[in-house]
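# Observations on chain architecture
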Amino acid sequence: MSYLLKRLGFYLLTVWAAVTINFFVPRMIPGDPVQALITKQRGQMTSEAVRSLYVLFGLDKDESLASQYFSYLGQLLRGDLGMSFTFFPSPVADVIGDGLPWTVGLVGITTVIGFFLGTAAGALVGWRRGTWADSLIPVTTFVSSIPYFWLGLVAIALLTGPGSFFPASGAYEIGLVPNWDWQFIGSTVQHGLLPGLTILVSSVSGWILSMRNMMVTVSSDDYVTVAHAKGLPERRVMLAYAARNALLPNVSGFALALGFIVGGTLLVEIVFSYPGLGLQLFQAVGAKDYPLLQGIFLIITLSVLLANLLADVAYLALDPRTRREG
Amino acid sequence: MRSNPKALTGLVALGFFVLLAVVGPWLAPFDPSMRSNDLLQPPSPSHWFGTTHLGQDIFSQVLVGTRSVVFVGAVAGLVATVLSVLVGVSAGYLSGSAGEGLSALSNVFLVIPALPLIVIITSSLPETSNLTIALVIGLTAWAWNARVLRAQTLSLRRRDYVEAARANGESTWRIILFEIMPNLTAVIASGFVGTVLFAVISEITLAFIGVSDAGGWNWGTVLYWAQSQQALTQGAWWWFVPAGLAIALLGTALSLVNFGIDEYVNPRLRTRSSTRGVRMRVGFTPVLAKESS
Amino acid sequence: MKERILEVRGLNVDYGMGPESVRAVRDVDLTLHRGEVLGLAGESGSGKSTLAYGMTRLLPPPGIVAGGEVIYHLDDGTTVDLLRIRDADLRRLRWSEIAIVFQGAINSLNPVQRISTQLVDVLKAHSASTPRARLDRARELLTLVGIASDRLNSYPHQLSGGMRQRVMIAMALALEPRVVIMDEPTTALDVVVQRQILRTLVDLRERLGFSVVFITHDLSLLVEFSDRIAIMYAGQVVEEAASADLYRTPLHPYSDGLLQSFPALKGPKRELSGIAGSPPDLRMMPSGCPFHPRCARAMDVCGQQTPVLGQSRAGRSVACWLHPVSVG
Ligand SMILES: Nc1ncnc2c1ncn2[C@@H]1O[C@H](COP(=O)(O)OP(=O)(O)OP(=O)(O)O)[C@@H](O)[C@H]1O
Ligand SMILES: [Mg+2]
């Protein structure tokens, strides 16, 4: 239990760090981005919205840095991430609320599937070392060096087009209204398949490589030799002794690598015009929509932390040595 | 090296890219930004990789872009490596709250998603150039290696010869420089290579979403224009294939070098030559046929 | 003559292949009889473990068995060569006929599984029985080696080093094997625990009647505990004798040196002298007798010709020019 508490403390620290970064970064932006927006909207903004943006950008020059910081924290706690420039007059929180489910659905599911598939394949390849399975390594190395988004481009070029089953863009058929009927779900799955496969192909290879290496390392540990000496069936030695132990560093690796993986997968959304956070990030960069950028950064960080917490729980369940009984 | 074909292949390929980075701009047959009347042409003898919607020569863009890619990779890799050594080795060597604090710092930087962080920083900067992009990547990407180095230093610190040096009253600096650092060389090298790979991918990704050196070229900018001009729907495969392959090749080269280092550090990973068709197998030691040797 | 159960003939074991390989076990002949304790002694690095794992084909890469035979006598009178049978057959023989207690029990247990699981594993793989019966047997085994049966649900990290070693012994006896190979089963433990465990072992052996190959570099332990002793040096067996004979009149100067290196447990006190120098590098073996550079009684012939293990005139097995092999 104390292990989890310690991790929770660490996550709170990380959230604080992310929020603080978010507070200071906009202070580097040259000029007065809010003024530009106000001019563009010709006074359609409420004074409240303007004030919230000033807090966000630290343009309240009369206030001390400390009081700016606390009004920023207070604003965040109220869930106020400011006003999006591109989707004016929608608040950033609403814009992100639209995108988040798509990202969680696409990136979340495929990342987890990719981890499991890659780990399973890596365990096999590592176990069958010295056979044909070794020839997979150069291929996976090459594939894992390809940026996700480029693989998406290739997939679109090769697999979509007139008459193809795979749509090239969007998350569902244009004209459908999001709800829980079969037509809509079917359309969602159809649209998610190709971006999902793209993420899967590129993320799987990384897991194959790391699990293979762990498997090779663990295979010459004493307890694996003992398991062989016990005359256990090969499957049992491989799964319960070698793979079971090789899995541990792979799970903690998964938690650590999430921050890296998420970045790559978000890009796939851009290529497929998939209406998630990645596409919004792209639009925000193009339009210099700073509040949206910062909001997306915060939400992604929180999601990654949550995923980390889940990975911690999984690790706790997998490794008896982290459990402290009594 | 000769016994390590992976690392050798990787290094040769890497050398090729570094060479291109140096001489690329002179080799390029055209000014990469120069427009011409050959609009959206497929590869031909005059334009090896075809042309863009403005008639720019893609071969020249890729060649010229190599320099920015290698530059950002090297600078970011250096900055991150120096930082990771400073933070990681101190975190491992210092006991007590200082060490704990540094270790927590690197863990925080590790779980914060790198790419979104780099995006918000670079897009808030007053100006974006190759140097600022490299610096931002370098300043945010050191945490992974710092963590690895800390773990290594912790285990080295408990070795006999380090304990002995400390008992002899050698200064902390001497111990770190002469007893600990030499044993970290492989780890640091592998961290550097890994960071270069990460930096290259990050720079290209940034360029792809529109954050790049103003007016300059890199492989990501080529892809950015290909994407924004709908190269795909126009069937202009030559617009994005060369840049992508270049990334994948450079990435593979870097990974190969790292595999080589990994195998050097962890001998269990070495692929053993299965000479005479003998397969090494845990649990069932191979038995040579009766007559051979 | 007692019935033979395990015979090693001309066994060669290498690390690596091709020009960089080293031969860690060279032309070893060894016979284990039913119910006997055969001690295997030698300095660190003399190839004891390599021999034990080589003959059971458990040597991890880059180990390779380069030649020889390992004949196992089954109960029904037939014999099999462990180096030549199919994997599936070898797997069936393992543990049910030949069990091994590995050097360093700390790492012999799977860290992420309960003791019960690891004990039951063996029973499940080799016999058809109900889960209930298997669990009962596991409990019984733990009691056998002196561990409270409520420890069954512990994980390895919750046990002390001595307890883990006992668990490994319990596991080795789970299927009542004919042969138990023990590679320094007690070296990592303190003397008191070491004694306790050995006592348990002697006890169990008397009750269950299995044969033991007992590996250690502590010769005094063997003298007390084993029936016969084989001495290894640089991958070769240089002397083999009944333990009482070896203790009273070691023929090979190396055996003599080894005996001098340890305080005798009982009997008259001897002066500790040990052996000067260190074992040879396996890649650069001296010509002739591998021991001659360190041997106080070396002669000209020792550097030129390699002595082979054979019956000396004294009716004992030794590979030394001081004790020429009787011809015929
Ligand atoms: N993986 C390896 N590669 C090359 N040589 C090895 C390898 N493992 C062991 N050796 C060599 O084989 C020889 C025999 O080692 P072995 O472990 O069998 O000795 P031992 O008699 O069991 O020693 P100890 O009493 O320390 O356990 C040693 O000289 C050792 O250097
Ligand atoms: Mg040994």
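Because the structure is a prediction, the values reported are computed rather than measured. (Residues numbered from 1 in each chain as written. Chains lettered and ligands numbered in written order. Predicted model: local features only at pLDDT ≥ 70, side-chain atom pairs only at ≥ 80, totals over all residues. Heavy atoms only, no water.)

## What about the UniProt feature "domain: ABC transmembrane type-1" (unreviewed entry) in chain B?
Summarizing the sequence annotation, UniProt attributes the feature "domain: ABC transmembrane type-1" (unreviewed entry) to residues 70–258 of chain B in the numbering used throughout. Split by type, residues 70–258 of chain B is 81% helix and 0% strand. Its first and last C-alpha atoms lie 17 Å apart. (UniProt positions renumbered as here; feature names shortened; annotations may be inferred. Helix = DSSP H or I, 4+ residues; strand = E, 2+ residues; numbered from the N terminus.)

## Notes on the interface of chain B and chain A
Across the contact, 53 residues belong to chain B and 63 residues belong to chain A. Of the roughly 5,000 Å² buried where chain B meets chain A, counting both sides, 76% is carbon and sulfur surface. It is Val111(B), Ile120(B) and Arg268(B) that lose the most area in chain B upon contact with chain A, and together they represent 13% of the buried surface on that side. Joining chain B to chain A, the criterion identifies one salt bridge. The partner of Glu234(A) in a salt bridge is Arg281(B), and the shortest N-O contact between them spans 3.8 Å. Summed over the shared surface of chain B and chain A, the result is four residue pairs in polar contact (both at pLDDT 80 or more). For the side of chain B that touches chain A, the secondary structure elements donating two or more residues are α3 (97–111), α4 (114–124), α6 (143–157), α8 (172–208), α9 (219–228) and α10 (237–265) of chain B. Top contributing element to the side of chain B that touches chain A by residue count: α10(B), with eleven residues. (Contact = heavy atoms within 4.5 Å. Buried area = accessible area lost by both parts, 1.4 Å probe. Salt bridge = Lys/Arg side-chain N within 4 Å of Asp/Glu carboxyl O. Polar contact = N/O pair within 3.5 Å; in protein donor to acceptor, adjacent residues only side chain to side chain.)

## Points about the coordination of the magnesium ion (ligand 2)
As a benchmark, a tetrahedral metal site with four donors has ideal angles of 109.5 degrees, while an octahedral site with six donors has ideal angles of 90 or 180 degrees. Looking at the metal site, the magnesium ion (ligand 2) is ligated by Ser49(C) (OG) and Gln103(C) (OE1), spaced 1.8 to 2.3 Å from it. With a gap of 54 residues between them, Ser49(C) in helix α1 (residues 48–55) and Gln103(C) in the loop between β6 (98–101) and α3 (115–126) connect regions that are remote in the sequence. (Donors = N, O, S within 2.8 Å, 3.2 Å for Na, K, Ca; no water.)

## So, helix α5 (residues 92–127) of chain A
For α5(A), built from 36 residues, the straight-helix expectation of 52 Å at 1.5 Å per residue is met to within 8% by its first-to-last C-alpha distance of 49 Å. Of all the bends in α5(A), the greatest, near 30°, is centred on Gly99(A), and the proline Pro101(A) appears no more than four residues after it. (Expected span 1.5 Å × (residues − 1). Bend = angle between axes of the 7 residues up to and from the residue.)

## Looking at the environment of Asp222(A)
For Asp222(A), the location among the structural elements is in helix α9 (residues 222–229). When residues no more than four places from it in sequence are discounted, the contact partners of Asp222(A) are Gln103(C), Gly104(C), Asn107(C) and Ser108(C).

## A few points about the site of ligand 1
Residue and element names in this part refer to chain C. The local shell around ligand 1 holds 15 residues, among which Ser-44, Gly-45, Ser-49, Thr-50 and Gln-103 are the closest. Gln-103 is positioned with one of its side-chain polar atoms (N or O) 2.8 Å from an oxygen atom of ligand 1. Measuring from an oxygen atom of ligand 1, one finds a side-chain N or O atom of Glu-184 at 2.9 Å. Per-element accounting of the shell around ligand 1 gives the leading share, three residues, to α1. Per-class residue counts for the shell around ligand 1 are four nonpolar, eight polar and three charged. (Near = heavy atom within 4 Å. Nonpolar A, V, L, I, M, F, W, Y, C, P; charged D, E, K, R; others polar.)

## Here we look at the pairing of strand β2 (residues 22–33) of chain C
Residue and element names in this part refer to chain C. Two strands pair when backbone bridges link them, and strand β1 (residues 4–15) and β2 are joined in this way by eight bridges, in the antiparallel orientation. Within β2, the residue paired with Glu-7 across the bridge is Thr-31. Hairpin remark: β1 followed by β2, antiparallel, with six residues in the connecting loop; positive phi at Gly-16, about 85°. (Pairing = 2+ DSSP bridges.)

## Remarks on the UniProt feature "transmembrane region" (unreviewed entry) in chain B
Residues and elements named next belong to chain B. UniProt's entry tags residues 7–28, 69–93, 105–125, 131–149, 184–209 and 237–261 with the feature "transmembrane region" (unreviewed entry), counted in the numbering of this structure. As annotated, residues 7–28 comprises 95% helix and 0% strand, and the C-alpha atoms at either end are separated by 29 Å. End-to-end, the C-alpha atoms of residues 69–93 are 35 Å apart, and along that stretch the chain is 100% helix and 0% strand.

## Looking at unusual backbone geometry
Residue and element names in this part refer to chain C. A cis geometry characterises the amide bond from Pro-61 onward to Pro-62, with omega recorded as 5°. Topologically, Pro-62 is positioned in the loop between α1 and β4 (63–73). The backbone of Ala-234 sits at a positive phi, close to 50°, despite the residue not being glycine. Looking at the secondary structure, you find Ala-234 in the loop between β9 (228–233) and β10 (236–242).

## Quick look at the pattern of salt bridges
Residue and element names in this part refer to chain C. Tallied over the entire structure, the rule returns 30 salt bridges over all chains. Residue Arg-9 is joined to Glu-69 by a salt bridge in which the shortest nitrogen-to-oxygen separation is 3.2 Å. Linking Arg-9 in strand β1 with Glu-69 in strand β4, this pair joins segments that are 60 residues apart in sequence. When its relative accessible area of 39% is taken as the criterion, Arg-9 is described as partly exposed. Using a relative accessible area of 21% as the deciding quantity, one classes Glu-69 as partly exposed. Of the charged contacts in the structure, one is a salt bridge between Arg-294 and Glu-43, with a shortest N-O distance of 2.9 Å. Of the two residues, Arg-294 is situated in the loop between α9 (253–260) and β11 (310–311) and Glu-43 in the loop between β3 (37–41) and α1; the sequence distance between them amounts to 251 residues. Pair check on accessibility: Arg-294 and Glu-43 agree, each one buried. (Buried < 20%, exposed > 50% of the residue type's maximum accessible area, 1.4 Å probe, protein only.)

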